[in-house]
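Here's the letter readout for the chains.
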Amino acid sequence: MTTLLKIIKYQLHDLLRGKWFIIYTAVFFLLTDGLFRFGGDPGQVSLSLMNVVLFIIPLVSIVFGTMFFYNSREFMELLLSQPISRVALFLGLYLGLTLPLSAVYLIGVGIPFMYHAGIMTGGYWILLLVGVSLTWVFTALAFFIAVLSEQRVKGIGMTIVLWLFFAILYDGIILFILFALEEYPLEKLTLILSLFNPIDLGRILMLLQFDIAALMGYTGALFSKFYGNMFGSAVAVLALWTWVATPVWLGYRAFSRKDF
Amino acid sequence: MMSSGLHAGLVQVGANYPQTTISQGLEVSTPGDTLMVHSGTYRERALVVPHQLTLIGQNNPVIDGNFEGEILTVTADNVTIEGITFKGSGLSHLDENAAIRFEETQGGRVSNNIFEDNFFAVYISQSEKCLIENNIIKGQAKTESRSGNGIHLWYSKDVTIRGNYISGHRDGIYLEFVEQCVVTTNHSTKNLRYGLHFMFSNHNEYNNNQFDMNGAGVAVMYSRHVDMHNNVFADNWGSSAYGLLLKDIYDSNISDNQFSRNTVGLYSEACNRIQVEENDFENNGWAVKIMANSMDNVFTRNNFLANTFDIATNSRQNFNAFSQNYWNRYRGYDMDKDGIGDVPFRPVKLFSLLTEKNEPALMLMRSIFVEIMDLAESYLPILTPATLIDEEPLMRMNQ
Amino acid sequence: MIKIRGLQKCFGRLEVLKELDAEVQENKITAIVGHNGSGKTTLIKCLLGLDKYDSGDITIKDFKLNGDWSYRNQIGYMPQIARFPENLTASEVITMISDLRTGSATQAEELISYFRLSGEMEKPLKTLSGGTRQKVNAIVSLMFNPDILILDEPTAGLDPVSSSLLKDKIHAEKAAGKTVIITSHIMSEIQELADTILYLLDGKIFFDGPVNELIEQTGEKNLERAIAKMMS
């Protein structure tokens, strides 16, 4: 455990020197602040930020995560020849990246929000939760891919394909299915399909917060009934965190068998 | 002559007066009398006003119907009821029991009364030239089948409904086969179904009312020549909630209204020749849903602000005109500085069309895929109605 | 000291180590020699647990390798190419590793001055030359005073002065009772340093014995020629 914490500490130390983090913080900060200055009320700002969160966070997390893993190759080799366990190293690297990425997001969005809006609404907390969760999900996926693929270009290519799949293509497939199976009752199917894409999960959790569920008739009723109560929210959050745990576990399994 | 007439016609009812019950008072009264009801609770029902009379409450008397049958029925002309609290007309599946019913009368007047927990509160049936004003009407409706309407008009004419507050009924105000009525400055809120409900009622007007947080909003159906202006339709959220639902409405006018935070601001089905002008639509799910069987309606000089969808329709066909509206989504330019955008605006998004056909698709709202699809469609319309277009979008909000 | 039995390691279809048996003796300098791709580095990485072998056993000081990492407390490793987190300085790397490794880096200060690195310690590693980084690498492997030293091409990239400093250090370590494993392409260097030679060919041990013995047997004047003769 102490080894794990030490590894995280050194990763943080190393990462915080890069300009990356300053840029990433600045982007969130300026964007949130700007939306408040031009847009106005916290609800609208949250909705606008939602698109950014769903688009940028997965992309940055997965691309940066892969690059980070490849760039940590030296660090890994250095440490693995030392009396250090692979699990500590892998989790150390993972947390050493996800913690600062999450912190940067929370600071970048949180400070302008506190400044402009004061006390937070429910939607705001969901926005933070979803942003952080997606950071963890896509960093985990990035690590998994980077462990599997030795070649950097191939690895980064795969991560971008995976991002395209979850961010864009998956919804296209859902739309196709919905129209192909138009005659059948599809409410349950859409509910189930939404669990298999972390970006969709995040998006729906946020949509429900912003009351858009009311736009949907029966489907919406089913959605709000499912996601609106404690059980559904718990399932959604659990599903989101299964999306973290699974690639972390798969990544670790591959990492523990990997030759350096 | 005047004063002696008044003096002679005063009947007092109260614990300390000769007549201790209202039914006794009604019995001794003669046409043209004033029946003064003093404070106290009168447990009476099935009262009938058979001749012209002015009922005035002194110091808030309460008539309690004990939730059985009707409280007061008026069968004579020119009856005024003022300053009395009516409680507990009886819930029934067979009879529409009201606190006050006007039956085939003229010149009735109900003002400054309070109605609490009645099945129906004020029921005007086959009557003319009535005035219902400044009443407070509160029900405790739980289900639609076990509740009645606040103000209910049936086969009536020339009725004015003004300045009332109505909540907790099935429909706040219900009009069926009614003509030449004016509904104004009322506040109808938190009713189970509609704040205001029109059926088969031509040549009516409602203005300056506020309808908010009703189960399904306001419904105007099967009517012609309805004038709707300066009303507020707000906060009607829910799976089948509307700010204003129009069905089979012809030759009407909707102007200067405000539609805010409704699931659907304005819904139009089979409506023709309606002028929709200078309304504000803001923060609605759908500002306007217009079905393809609506024709020759004109939308002009309205403001569309921060709605999830501005216009939705269910077809590629469009027979309605949109011009000189302000759309906050509009991103065109105005080179000649005449205040009108040089590029037309298409207010129907592809996605809204898709969700109209396949509702579960709404789960994809705000998905990047959908945004890309909408963007592509806006440049190269294939599925959205080609003629549903504002050729002259305003650059600035219409004040 | 170190016993290797039936060690097999494949990368995909390529079998790099073919049921290899070998032994490394205590307090000796053992050189692992072989041409490129013969499996030298793979063998070393198996010893360190960096590569996971498919079958066979490795026993280090009576401890049979099983995935537990604590045996590495007794090993100092100097990889072929010095690879460090590029943003850190040399002194940060040393602090970090001392922090992570439970034993204390008693030798660090002494080694820094020995390799004349004092002036370079506070610069980010990415700004240092290959040779300087290799010296940092050497310090990291030596500073915990471990019983076993594994040095993969230790002098590659070092200038002659540093190279001889390192070689002197290796001799000194042996004199202090350490067991040393090195690989090198430079036969003269092996002749100069090693007591024993493990000659790897096609994933197996082709020759295992003292350096002198090999030279004597072949009758050649140096190791390089002796090996050339042995191979012909």
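Residues numbered from 1 in each chain as written. Chains lettered and ligands numbered in written order. Predicted model: local features only at pLDDT ≥ 70, side-chain atom pairs only at ≥ 80, totals over all residues.

Caption draft 1: Representation of the overall build of chain B in the model. In terms of helices and strands, chain B carries four helices and 39 strands. By principal-axis analysis of the C-alpha atoms, chain B measures approximately 85 × 45 × 30 Å. Counting across all 399 residues of chain B, residues that qualify as buried make up 47%. Counting only contacts in chain B whose residues sit at least 6 apart along the sequence, the fraction spanning at least 24 positions is 46%. (Helix = DSSP H or I, 4+ residues; strand = E, 2+ residues; numbered from the N terminus. Buried ≥ 20, exposed ≤ 12 C-beta atoms within 10 Å, placed from the backbone. Contact = placed C-beta atoms within 7 Å.)

Caption draft 2: Fine view of the overall build of chain C. Scanning chain C from terminus to terminus reveals eight helices and ten strands. Radius of gyration (C-alpha) of chain C: 18 Å, near the 17 Å computed for a compact globule of 232 residues. If one aligns the C-alpha atoms of chain C with their principal axes, the spans along those axes are about 50 × 40 × 35 Å. Counting across all 232 residues of chain C, residues that qualify as buried make up 44%. Expressed as a percentage of contacts within chain C between residues at least 6 apart in sequence, the contacts between residues at least 24 apart total 68%. (Rg over C-alpha atoms; globule rule 2.2 N^0.38 Å.)

Caption draft 3: Representation of the interface of chain A and chain C in the model. Between chain A and chain C, the residue contacts involve 19 residues of the former and 21 residues of the latter. Looking at the side of chain A that touches chain C, the elements with two or more residues in it are helix 1 (2-15) and helix 4 (73-80) of chain A. For the side of chain A that touches chain C, the leading source of residues is helix 4 of chain A, giving six residues. A breakdown of the residues in the side of chain A that touches chain C according to their chemical character gives eight nonpolar, four polar and seven charged. (Nonpolar A, V, L, I, M, F, W, Y, C, P; charged D, E, K, R; others polar.)

Caption draft 4: A look at the nonpolar core. Counting 243 residues, the largest nonpolar core has B:Ile100, B:Val122, C:Val93, C:Ile139 and C:Ile150 as its most contacted members. Looking at this core, the element that brings in the most residues is helix 6 (residues 122-148) of chain A, giving 17 residues. Each residue touching C:Val93, except ones within four places of it in the same chain, is listed here: C:Phe84, C:Leu88, C:Leu125, C:Val136 and C:Val140. (Core = buried A, V, L, I, M, F, W, Y, C linked by C-beta atoms within 7 Å.)

Caption draft 5: Molecular detail of the sheet that holds strand 2 (residues 14-24) of chain C. Residues and elements named next belong to chain C. Spatially, 2-1-4-5 is the arrangement adopted by the four strands of the open sheet, whose pairing is antiparallel. In this open sheet, the two strands that pair with only one neighbour each are strand 2 and strand 5 (63-64). Two elements, strand 1 (residues 2-11) and strand 4 (residues 55-60), share five bridges in a ladder whose sense is antiparallel. The residue bridging Arg 5 from the neighbouring strand is Asp 57, located in strand 4. Seen against the sheet, helix 1 (residues 40-48) touches strand 1, strand 2 and strand 4 and runs at an angle of roughly 115° to strand 1. (Pairing = 2+ DSSP bridges. Axes fitted to C-alpha atoms, helices over the stretch in contact; angles between N-to-C directions.)

Caption draft 6: Looking closely at unusual backbone geometry. Residues and elements named next belong to chain B. The phi torsion at Asn 59 lies on the positive side, around 55°, for a residue other than glycine. Within the element layout of this structure, Asn 59 appears in the loop between strand 5 (53-57) and strand 6 (62-64). Positioned with a positive phi, Phe 67 is a non-glycine residue whose angle comes to about 60°. The topology assignment puts Phe 67 in the loop between strand 6 and strand 7 (72-74).

Caption draft 7: A look at the confidence of the model for chain B. Averaged over every residue, the pLDDT of chain B is 91; the share at 70 or more is 98%. Every residue in residues 1-7 of chain B scores below 50 in pLDDT, and together they form one contact with partners more than four places removed in sequence or on other chains. (pLDDT = per-residue confidence, 0-100.)

Caption draft 8: Quick look at the pairing of strand 34 (residues 286-290) of chain B. All names here are of chain B. Counting buried residues in strand 34 gives five out of five residues, a clear majority hidden from the surface. Pairing of strand 31 (residues 264-269) with strand 34, which is carried by four bridges, proceeds in the parallel orientation. Counterpart to Leu 266 in the pairing with strand 34 is Val 288. Where strand 34 meets strand 37 (residues 309-312), three bridges bridge the pair, whose relative direction is parallel. Residue pairing for strand 37: Val 288 is matched across the bridge by Ile 311.

Caption draft 9: Broad picture of the sheet that holds strand 9 (residues 196-201) of chain C. Residues and elements named next belong to chain C. Overall, mixed pairing links the six strands, which are arranged 6-7-8-3-9-10 in an open sheet. For this open sheet the edge positions go to strand 6 (75-78) and strand 10 (204-210), each flanked by a neighbour on one side alone. The sheet shows a mean angle of 15° between the axes of neighbouring strands, taken without regard to direction. Sheet analysis places strand 9 next to strand 10, joined by six bridges and oriented antiparallel.

Caption draft 10: A look at the pairing of strand 8 (residues 179-183) of chain C. All names here are of chain C. By the criterion of burial, strand 8 is predominantly enclosed, with five of the five residues buried. Alternating residues of strand 8 divide into Thr 179, Ile 181 and Thr 183 and Val 180 and Ile 182, and every residue in both groups is buried. Where strand 7 (residues 148-152) lies against strand 8, five bridges are found, and the strand directions are parallel. Across the sheet, the residue bridging to Leu 151 is Ile 182, located in strand 8.

Caption draft 11: Seen up close, helix 8 (residues 223-231) of chain C. All names here are of chain C. Along helix 8, the residues classified as buried are Leu 223, Ala 226 and Ile 227. Along the long axis of helix 8, the arc covered by the buried residues comes to 95°, so they all point the same way. Packing partners of the buried residues in helix 8 comprise helix 6 (187-193) and helix 7 (211-218). (Arc of directions from axis to C-beta.)

Caption draft 12: Geometry of the packing of helix 2 (residues 19-38) of chain A against helix 3 (residues 42-71) of chain A. All names here are of chain A. The contact between helix 2 and helix 3 brings their axes to 10 Å, and the two run at 165°. Between helix 2 and helix 3, the interaxial angle falls into the category roughly antiparallel. With respect to the hand of their crossing, helix 2 and helix 3 are arranged in right-handed fashion. Of the residues in helix 3, those touching helix 2 at Tyr 24, Leu 31, Thr 32, Leu 35 and Phe 36 are Val 45, Ser 48, Leu 49, Val 52 and Val 60. Of the residues assigned to the contact of helix 2 with helix 3, the class counts are eight nonpolar, two polar and no charged. (Parallel < 35°, antiparallel > 145°, perpendicular 65-115°, else oblique. Left-handed = near helix turned anticlockwise from the far one by under 90°.)

Caption draft 13: Expanded view of the environment of C:Lys28. You can see C:Lys28 is positioned in the loop between strand 2 and strand 3 (29-33). When residues no more than four places from it in sequence are discounted, the contact partners of C:Lys28 are C:Thr179, C:Asp195 and C:Thr196.

Caption draft 14: Just the environment of A:Val109, in detail. All names here are of chain A. If you trace the backbone, Val 109 turns up in helix 5 (residues 86-117). For the pair Val 109 and Leu 208, spaced 99 residues apart in sequence, the C-alpha to C-alpha distance is 20 Å. When near neighbours in sequence (up to four residues on either side) are disregarded, Val 109 contacts Phe 28, Thr 32, Leu 49, Leu 128 and Gly 131.

Caption draft 15: Layout of the confidence of the model for chain C. Residues and elements named next belong to chain C. This prediction gives chain C a mean pLDDT of 84; 100% of its residues lie at or above 70. Between the elements of chain C, mean pLDDT differs from a low of 80, seen in strand 5, to a high of 90, seen in strand 8. Scoring the predicted complex yields pTM 0.77 and, for the interface, ipTM 0.82.

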